[in-house]
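One-letter residues, chain by chain:
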Amino acid sequence: MRATAGTGQKASFPLRWITAGLHRAHGALLRFDPGFTRLRLATRTTATVALTLGVLFGLKHFIGLPVTVVLLGAMIGMLSSMAVRDPKPAQQRLTTLLLPLPAAVAIVLGAFLAPYWWAADAVFLVVMFLATWARRFGPRWMTFGMIAFIAYFFSIFLKARVEQLPWMLLALVIGVLCAYLLRFVLLRERPERTLRHLLHAFAAHIVPVIDAVAEAVEAGSWSDDARRTLRRAAIHLNECALMVEDQAQQSGDRNTAQGMALKIFDAELATERLGAAGRLAAPAPLVPASRQAFARCLRELGAAVRLDQPFEHLREVAANAVDLAAQTRDAEAWSRLATRMNDLAASMQALRKDRIEASPLTGSDDSDAPDAPMPDPDSDDDHGKLDPALRQALQVTLAAALAIIAGEFISPRRWYWAVIAAFVVFAGTSTRGDTLGKAWQRILGTLAGIASGAVVATVVGGNVAITAVLMFVCIFLAYYLFQVAYGLMIFWITTLLALLYGLLGQFSFGLLVLRLEETAAGAAIGVAVAALVLPVSTRRAAARAAVDETEALQAFVRAAVTELSGVATTDLGAAARQVDKRFNALRGAARPVATGLSGLFGRGHIRWRLRMFMACAYYVRSLSRHVPRARAADPLPPGLEDAGERMQANLASLAAVLAGCPAHPVASVGERLQRWQHEATAGDDGAVLARREAIGTLRRLDDTVVEMATHLGVPLDDET
């Protein structure tokens, strides 16, 4: 076996151990937060609050601003920093600069209506309706609606007086300007740096796959935990690959982005093939010494990927594995695994070379990234032609009205907690299952935050310096973790409130319990309204997403068979990514019934269906690489076009049964495809091999589709 490169220049053991530990920690952080997007958001939001408070407390010292006005400015600054979601930098800057307008209108309106509680509450409902309905016009109007809601709420909550309006308007302008300064000047996003971090994150997501295969090879079998680890790693790798491609499209010219997308695609496919080869090789016979040596080669490959070692080392490790495979008695499975290792090393080499040698990607305000799409009026429609944004606005308004009544009944002074809970459980949700999951997370997060807040506030005891530091820590963690789990954000926000009340001398355990009661009432009302008033079924939404995925598969099969038959067609890589994106949408739509409370019954069936669609997405990615290379192989398999039409008909039947419509019987073409795998004998050897691989992958795709369809009750015909 070849000696591993670099063995003569090993660092001392403690230094190697520390370096490896730091790289592992860095890789874990990258896997948890690809591109460090959450870290930047949390840092920017926390810094915005700190800067706004610093400026406003300075003004308070000189001109005597009320503390309530200072808190209003900090809240507006925090929202201005994190709520602007326009797709282009120029749009983001414009939206941020316009934020004082809706906020000022809401504050003035609240100040004039504050003395008239009945009118203030009625207008509050109108503001919530408009804030929710505005989402249909895109991300800018969604941000305007959210900022108007918060500004109006604070004006009536603080019982703003008309004479305070100049100071309140000044505070909101300062908050917005601080957010603008930090986001677009001091902590400006650099697309090329984000892309570089995402590429490192992509490599970090490959390492768990290699490690899982190494453990299985060493053990001689695959445990259930190892299989789950491999499956989760494949999902996260695919998500990260899509993030890299999207960022590349927004960061540079189209040709550079397409070249990088192709290399990312190759590396992702090589990783998935390594996992598949590992599943076959691990149980295959091999003497213990060779098995351990093979596992060691895999771990060296993982270390090379993790530590960003030179290309030569990647090639050396893969060559060691090839030599080892040739010495085994049952060489076929092990040779395949060694080949997959070599493929992964080559793809990572190409990707790393592209990362180093490609011209720097620079952000542009005039990028080709499309505007965020407005909601499709019929995309979420269980109620005729009712616009989804209008439906949700009606739900929010009714839930808020009931929450006002319930909140007043529980505590006339703290009723707003119930209203905010009822409003927020609808944010970012589209089905009753989504709403139930978010409400449950809000209640659990509040409950855990009460316990934490009570302990922390008691220990701190009102110490101003320590309390201030802990409050900023809570803000950072809340916004760093809110995309991971909404309940974690609520946990830290509740802890923050306990510290704030302690600083103001109003802390009591009973106050936190009252927050839990109000939150539970508002969340329960939101769930009840989502379930009973114009409800949208989560299962139906998931079924629609599954139909969309099936239609994308059907379009891909049509294009693949056409090109395999010798006719040039559209970019199969782009078509494969469309399948990936539809699958990610399906996974998001099915998440409430696959993991949440609404999926307590039939969860295993939903997860099985997701695994089957995940397998289809993998076959599509494989086909997109094999088919273009297979066109040079002759002769064409007779009847390939007919088989392709039969596969499309099977997919159409699957889509029909998923949509709840009558479906035609399915007929497997697996035997014909298997027979054709070995019929391509003329032409370039590489093209013949690619043709066989492509037809074999088509067979596995068809088998999976037929299995899903028959499992759902579609009758099976004899092969045609």
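Everything numeric in this text was worked out from a predicted model, so none of it was measured. (Residues numbered from 1 in each chain as written. Predicted model: local features only at pLDDT ≥ 70, side-chain atom pairs only at ≥ 80, totals over all residues. Heavy atoms only, no water.)

### Side note on the overall build of the protein chain
So, step 1. When helices and strands are tallied, the protein chain shows 26 helices and zero strands.
So, step 2. Excluding contacts between residues fewer than 6 apart, the proportion of contacts in the protein chain whose partners are at least 24 apart in sequence is 81%.
So, step 3. Put simply, the protein chain shows about 31500 Å² of open surface, and 62% of that area lies on carbon and sulfur atoms. (Helix = DSSP H or I, 4+ residues; strand = E, 2+ residues; numbered from the N terminus. Contact = heavy atoms within 4.5 Å. Areas by Shrake-Rupley, 256 points an atom, 1.4 Å probe, with all protein chains shown as cover.)

### Observations regarding the pattern of salt bridges
So, step 1. Scanning all chains against the criterion turns up 13 salt bridges.
So, step 2. Where Asp-387 meets Arg-136, a salt bridge forms, and the shortest distance between an N and an O atom there is 2.8 Å. Taken together, the positions of Asp-387 in the loop between α14 (331–357) and α15 (388–410) and Arg-136 in the loop between α6 (117–133) and α7 (139–157) put the pair 251 residues apart, joining distant regions of the chain.
So, step 3. Taking the relative accessible area as the measure of exposure, Arg-136 reaches 23% and is therefore partly exposed.
So, step 4. Through salt bridges that share partners, Glu-268, Glu-272, Arg-577, Asp-580 and Arg-621 make up one connected network. (Salt bridge = Lys/Arg side-chain N within 4 Å of Asp/Glu carboxyl O. Buried < 20%, exposed > 50% of the residue type's maximum accessible area, 1.4 Å probe, protein only.)

### Focus: the packing of helix α5 (residues 100–113) against helix α8 (residues 165–186)
So, step 1. Direction vectors running N to C along α5 and α8 enclose 155 degrees, while the axes themselves pass 10 Å from each other. The pairing of α5 with α8 is recorded here as roughly antiparallel in orientation. In the packing of α5 onto α8, the handedness of the crossing is right-handed. Contacts between α5 and α8 involve Pro-100, Ala-103, Ala-104, Ile-107, Val-108, Ala-111 and Phe-112 from the first element and Leu-165, Met-168, Leu-169, Leu-172, Val-173 and Val-176 from the second.
So, step 2. Its residues assigned to classes, the contact of α5 with α8 shows 13 nonpolar, no polar and no charged. (Axes fitted to C-alpha atoms, helices over the stretch in contact; angles between N-to-C directions. Parallel < 35°, antiparallel > 145°, perpendicular 65-115°, else oblique. Left-handed = near helix turned anticlockwise from the far one by under 90°. Nonpolar A, V, L, I, M, F, W, Y, C, P; charged D, E, K, R; others polar.)

### Overview of the nonpolar core
So, step 1. Counting residues in each nonpolar core, the largest one holds 89 residues, and the members touching the most others are Phe-124, Met-128, Tyr-152, Val-419 and Tyr-479.
So, step 2. Element by element, the count of residues in this core is highest for α7, at 10 residues.
So, step 3. In contact with Met-128, other than residues within four places in its own chain, are Phe-149, Val-396, Ala-400, Val-419 and Phe-423.
So, step 4. Of all hydrophobic cores here, the second largest spans 56 residues; its members include Ala-546, Ala-576, Leu-586 and Leu-658. (Core = buried A, V, L, I, M, F, W, Y, C linked by side-chain atoms within 4.5 Å.)

### Let's talk about empty space enclosed by the protein
So, step 1. For the structure on display, the rule yields two cavities of 30 Å³ or more.
So, step 2. Of the voids in this model, the largest cavity is the one considered here, and its volume is about 60 Å³.
So, step 3. Around the largest cavity, the lining residues are Ala-234, Ile-235, Asn-238, Glu-272, Asp-580, Phe-583, Arg-587, Met-614, Ala-617 and Arg-621.
So, step 4. Elements supplying a minimum of two residues to the lining of the largest cavity: α10 (224–251), α22 (572–595) and α23 (603–630).
So, step 5. When the residues that make up the lining of the largest cavity are grouped by side-chain class, the tally is five nonpolar, one polar and four charged. (1 Å grid on protein atoms, 1.4 Å probe; cavity = no way out; pocket = protein on both sides within 12 Å on 5 of 7 lines; lining within 4 Å. Points joined across faces, edges and corners; volume = space filled by probe spheres on them.)

### A word on a nonpolar patch on the surface
So, step 1. A cluster of nonpolar residues, Leu-29, Phe-32, Val-484 and Leu-488, forms a patch on the protein surface that exposes about 290 Å² of accessible area.
So, step 2. Tracing the backbone shows Leu-29 in helix α1 (residues 13–32). (Patch = residues over 30% accessible without salt bridge, like charges linked within 9 Å, V, L, I, M, F, W, Y side chains within 5 Å.)

### A word on the packing of aromatic side chains
So, step 1. In this structure the tally under the stated criterion is 22 aromatic pairs.
So, step 2. With centroids separated by 6.4 Å and ring planes inclined at 25 degrees, the aromatic side chains of Phe-124 and Phe-153 adopt a geometry described as stacked. Within this pair, whereas Phe-124 is found in helix α6, its partner Phe-153 is found in helix α7, the two being separated by 29 residues in sequence. When sorted by exposure, Phe-124 lands in the same class as Phe-153, which is buried.
So, step 3. Here the aromatic residues Phe-124, Phe-149, Tyr-152, Phe-153, Phe-154, Phe-157, Trp-415, Tyr-416, Trp-417, Phe-423 and Tyr-501 are joined through ring pairs into a cluster of three or more.
So, step 4. The ring centre of Phe-137 lies 5.3 Å from the NZ or CZ of Arg-136, which sits over that ring. (Phe/Tyr/Trp six-rings, centres within 6.5 Å; stacked < 30°, edge-to-face > 60°. Lys NZ or Arg CZ within 6 Å of the ring centre and 35° of its normal.)

### Some thoughts on the packing of helix α4 (residues 89–98) against α5
So, step 1. The interhelical angle for the contact between α4 and α5, taken along N-to-C directions, is 25 degrees, at an axis separation of 5 Å. In terms of orientation, α4 lies roughly parallel with respect to α5. Contacts from Thr-96, Leu-97 and Leu-98 in α4 reach Pro-100, Leu-101 and Pro-102 in α5.

### Re the environment of Val-456
So, step 1. The residue Val-456 is located in helix α17 (residues 432–460) in this model.
So, step 2. Given a relative accessible area of 23%, Val-456 falls into the partly exposed group.
So, step 3. Sequence-distant contacts of Val-456, that is, excluding residues within four places in its chain, are made with Leu-470 and Leu-499.

### Some thoughts on a positive patch on the surface
So, step 1. A contiguous patch of positive charge, built from Arg-231, Arg-232, Arg-607 and Arg-611, is present on the exposed surface.
So, step 2. Within the element layout of this structure, Arg-611 appears in helix α23.
So, step 3. Given the relative accessible area of 37%, Arg-611 is considered partly exposed. (Lys, Arg positive; Asp, Glu negative; His and termini not counted. Charge placed at Lys NZ, Arg CZ, Asp CG, Glu CD.)

### Points about unusual backbone geometry
So, step 1. One non-glycine residue with positive phi stands out, namely Leu-534, at about 50 degrees.
So, step 2. Structurally, Leu-534 can be placed in the loop between α20 (509–532) and α21 (538–564).

### Comments concerning the side chain of Arg-442
So, step 1. Locating Arg-442 in the fold gives a position in helix α17.
So, step 2. Although Arg-442 is buried, it forms no salt bridge, and the closest oppositely charged side chain is Glu-518 at an N-O distance of 11 Å.
So, step 3. Within polar-contact distance, the side chain of Arg-442 engages the side chain of Tyr-486 at 2.5 Å. (Polar contact = N/O pair within 3.5 Å; in protein donor to acceptor, adjacent residues only side chain to side chain.)

### Some thoughts on the confidence of the model for the protein chain
Reading fine detail from the predicted coordinates is not recommended where pLDDT is low.
So, step 1. Overall, the predicted model of the protein chain reaches an average pLDDT of 81, with 83% of residues at or above 70.
So, step 2. When the criterion is pLDDT under 50, residues 1–11 qualifies, and its contacts beyond four places in sequence or with other chains add up to 17 contacts. (pLDDT = per-residue confidence, 0-100.)

### Description of helix α19 (residues 486–503)
So, step 1. Here α19 spans 26 Å end to end across 18 residues, near enough to the 26 Å set by a 1.5 Å rise per residue.
So, step 2. α19 sits mainly inside the fold: 13 of its 18 residues count as buried. (Expected span 1.5 Å × (residues − 1).)

### What to know about the environment of Gly-505
So, step 1. Of note, Gly-505 is situated in the loop between α19 and α20.
So, step 2. Sequence spacing of Gly-505 and Gly-461 is 44 residues, and the spatial spacing of their C-alpha atoms is 9.7 Å.

### Observations concerning helix α18 (residues 464–481)
So, step 1. With 18 residues, α18 extends 26 Å between its outermost C-alpha atoms, agreeing within 8% with the 26 Å of an ideal straight helix rising 1.5 Å per residue.
So, step 2. Turning to α18, its buried residues are Thr-467, Met-471, Cys-474, Ile-475, Ala-478, Tyr-479, Tyr-480 and Leu-481.
So, step 3. Its side-chain oxygen placed 3.2 Å from the backbone nitrogen of Ala-465, Asn-463 serves as the N-cap of α18.

### Notes on the side chain of Thr-467
So, step 1. Structurally, Thr-467 is set in helix α18.
So, step 2. In contact with Thr-467, not counting residues within four places along its chain, are Val-460, Gly-462, Leu-499 and Leu-503.

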